[in-house]
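What the coordinates show
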Amino acid sequence: QLRAGRSRTLALLVLDLANPFFIDVARGAEEAAYEADLNVITCNSGQRVDRETAYLAMLAEQRVRGVLLSPVTDASVDGLRRNGIPYVFVDRLVPGACSVSVDDVAGGALAARHLLDRGHRRIAFVNGPAVLAQCRDREQGVRSVLPDPIVLAAGGLDVASGRDAGARLLALTPRPTAVFCANDLLALGVLQAMVAAGVRVPAEMAIVGYDDIEFAAAAAVPLTSVRQPAPRLGRTAAELLIAETSGEDTHEHESVVYEPELVIRESTGS
Ligand code: RIB
């Protein structure tokens with residue numbers, strides 16, 4: 001039963017609308033909202049804290065019913081909390097807050113262990129910005145399996161940053177024989193750099209991504225990836241937020257953490 005006078009609008013704030021992962025999250029959230037006679041507005045921070053802060057201030061002023069967010073910094077929710085706007089984090093585990101994610105530490109470990117199982121010993125990890133908890137957790141997972149991985153910090157989490165990281169990988173001596181990337185867009189950029197340099201994948205460079213977006217399977221060399229159930233993440237986060245803002249129940253909802261699964265394809269040798 002909807003409380004009279006409450007806004008019928010949920011907001012979704014994402015890091016990068018150019019990343020299909022967030023489109024899939026939005027799809028799941030939108031389905032759950034529609035089923036509850038609510039609608040969703042989506043804001044894109046483009047990984048810029050100033051935009052994120054401006055959007056969250058607008059959303060608080062609009063008195064939206066609640067906010068689903070994957071922010072640049074978790075501290076961005078302070079304004080929502082001060083204004084009494086409920087929120088649920090999506091795509092990372094945030095201690096002490098309600099969040100829906102996969103276990104990114106397990107996801108990083110899964111990717112690293114797969115490459116060890118394929119016989120690789122010189123393994124690189126291309127990570128996104130450490131400000132993002134999900135990137136820190138994936139690196140923690142890699143380090144739980146590989147005591148001394150070759151870690152390259154990518155400038156972002158997009159294809160261009162992946163191409164740049166791929167060029168740096170190729171310049172390393174001795175060259176790694178495998179690379180795990182913090183998301184599929186980075187992995188697709190690394191793949192592009194390998195193909196452009198005539199380096200055979202996986203024979204000379206095995207590649208693993210993360211998210212398993214639709215383009216992973218459609219890549220020039222189908223990409224092995226750690227799958228995130230993106231639509232399910234969006235739907236579950238929206239359902240938690242709707243429950244918190246519709247019923248009288250004021251108890252804090254527990255976070256939901258899904259187990260990641262590895263989808264093995266040609267880029268590591270299926
Ligand atoms: O946007 C950065 C990454 O964080 C996405 O690819 C997804 O993995 C999210 O968790």
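Predicted model, so just to flag it, every value in this text is computed and none were measured. (Residues numbered from 1 in each chain as written. Predicted model: local features only at pLDDT ≥ 70, side-chain atom pairs only at ≥ 80, totals over all residues. Heavy atoms only, no water.)

Quick word on the sheet that holds strand β1 (residues 9-14)
Short version of the rule: The rule for pairing is simple: two strands pair if DSSP sees at least two bridges between them. For the purposes of this entry, the term helix denotes a DSSP run of H or I that reaches at least four residues, the term strand denotes a run of E that reaches at least two, and both are numbered from the N terminus. Note on geometry: axes are C-alpha line fits, over the in-contact stretch for helices, and angles between N-to-C directions span 0 to 180 degrees. Here, two residues are considered to be in contact whenever any of their heavy atoms come within 4.5 Å of each other.
The strand order β2-β1-β3-β4-β5-β11 describes an open sheet built from 6 strands, whose pairing is parallel. Every other strand in the sheet has two partners, leaving β2 (39-44) and β11 (256-258) as the edge strands with one partner each. Between one strand axis and the next, the sheet turns through 15 degrees on average, direction left out of account. Seen against the sheet, helix α9 (residues 230-246) touches β1, β3 (66-69), β4 (87-90), β5 (99-102) and β11 and runs at an angle of roughly 165 degrees to β4.

Comments concerning unusual backbone geometry
With an omega of -10 degrees, the peptide bond running from Thr173 to Pro174 counts as cis. Residue placement: Pro174 occurs in the loop between α6 (159-171) and β8 (178-181). Of note, the bond from Val201 into Pro202 is cis; its omega dihedral lies within 30 degrees of zero at 5 degrees. Assignment of secondary structure puts Pro202 in the loop between α7 (184-196) and β9 (206-211).

Re the confidence of the model for the protein chain
What counts here: On a scale of 0 to 100, pLDDT captures the predictor's confidence in every residue.
Summary statistics for the protein chain give a mean pLDDT of 94 and a share of 96% for residues scoring 70 or more. On the interface metric, ipTM, the complex scores 0.96, and its pTM is 0.95.

Section: the environment of Glu259
Here is the rule we go by: Only protein chains enter the accessibility calculation, which uses a 1.4 Å probe. A residue is then buried if its area is under 20% of the maximum for its type, exposed if over 50%, and partly exposed in between.
Assignment of secondary structure puts Glu259 in the loop between β11 and β12 (261-263). What makes Glu259 exposed here is its relative accessible area of 58%. Sequence separation between Glu259 and Gly107 is 152 residues; the distance between their C-alpha atoms is 7.9 Å. If we ignore the near neighbours within four places in the chain, the residues touching Glu259 are Asp103 and Ala106.

Describing the pattern of salt bridges
The line we're drawing: Any carboxyl oxygen of Asp or Glu within 4 Å of a side-chain nitrogen of Lys or Arg constitutes a salt bridge here.
One pass over the structure, following the stated rule, counts 14 salt bridges. Here Arg92 and Asp74 are joined by a salt bridge, their closest N and O atoms 2.8 Å apart. In this pair, Arg92 sits in the loop between β4 and β5 while Asp74 sits in the loop between β3 and α3 (78-82), placing the two residues 18 residues apart along the sequence. The exposure class assigned to Arg92 is buried, which follows from its relative accessible area of 0%. Ionic pairing is found between Arg138 and Asp104, a salt bridge with its closest N-O pair at 2.9 Å. In this pair, Arg138 sits in helix α5 (residues 133-145) while Asp104 sits in helix α4 (residues 104-117), placing the two residues 34 residues apart along the sequence. Just as Arg138 is buried, Asp104 falls in that class too. Linked through salt bridges whose partners overlap, the residues forming this network are Glu31, Glu35, Arg235 and Glu239.

With respect to the nonpolar core
Keep this limit in mind: In these notes, a set of buried Ala, Val, Leu, Ile, Met, Phe, Trp, Tyr and Cys residues joined through side-chain atoms within 4.5 Å is what counts as a nonpolar core.
Counting 70 residues, the largest nonpolar core has Leu68, Val88, Val126, Val179, Phe180, Met194 and Ile207 as its most contacted members. When neighbours within four sequence positions are excluded, Met194 is seen to be in contact with Gly166, Leu169, Leu170, Val199, Val201, Met205 and Ile207. Within the second largest apolar cluster, 16 residues are counted, among which are Cys43, Leu69, Tyr87 and Phe89.

Quick word on the sheet that holds β8
In spatial order, the strands read β7-β6-β8-β9-β10-β12; together these 6 strands make up an open sheet with mixed pairing. Each end of this open sheet is capped by a strand with a single partner; those strands are β7 (150-153) and β12. Along the sheet, successive strands turn relative to each other by an average axial angle of 20 degrees, direction set aside. As judged from the 3 bridges shared by β8 and β9, these two strands associate in the parallel manner. Bridge pairing in β9 links Ala178 to Ala206.

Some thoughts on the packing of α6 against α7
This is how it is decided: Put simply, angles under 35 degrees are roughly parallel, angles over 145 are roughly antiparallel, angles from 65 to 115 are roughly perpendicular, and the rest are oblique. Left-handed is the label given to a crossing in which the near helix is rotated counterclockwise from the far helix by less than a right angle, and right-handed is the label when the rotation is clockwise. In this count, Pro and Cys sit with the nonpolar residues alongside Ala, Val, Leu, Ile, Met, Phe, Trp and Tyr, while Asp, Glu, Lys and Arg are called charged and the others, Gly among them, polar.
Where α6 meets α7, the closest approach of the two axes is 6 Å, and the angle between their N-to-C directions is 50 degrees. With respect to α7, the axis of α6 lies oblique. Here α6 runs over α7; the crossing is right-handed. Listed contacts from α7 to Val159, Ser161, Gly162, Arg163, Gly166, Ala167, Leu169 and Leu170 of α6 are Leu185, Leu186, Gly189, Val190, Gln192, Ala193 and Met194. Here the contact of α6 with α7 is composed, by residue class, of 9 nonpolar, 5 polar and 1 charged.

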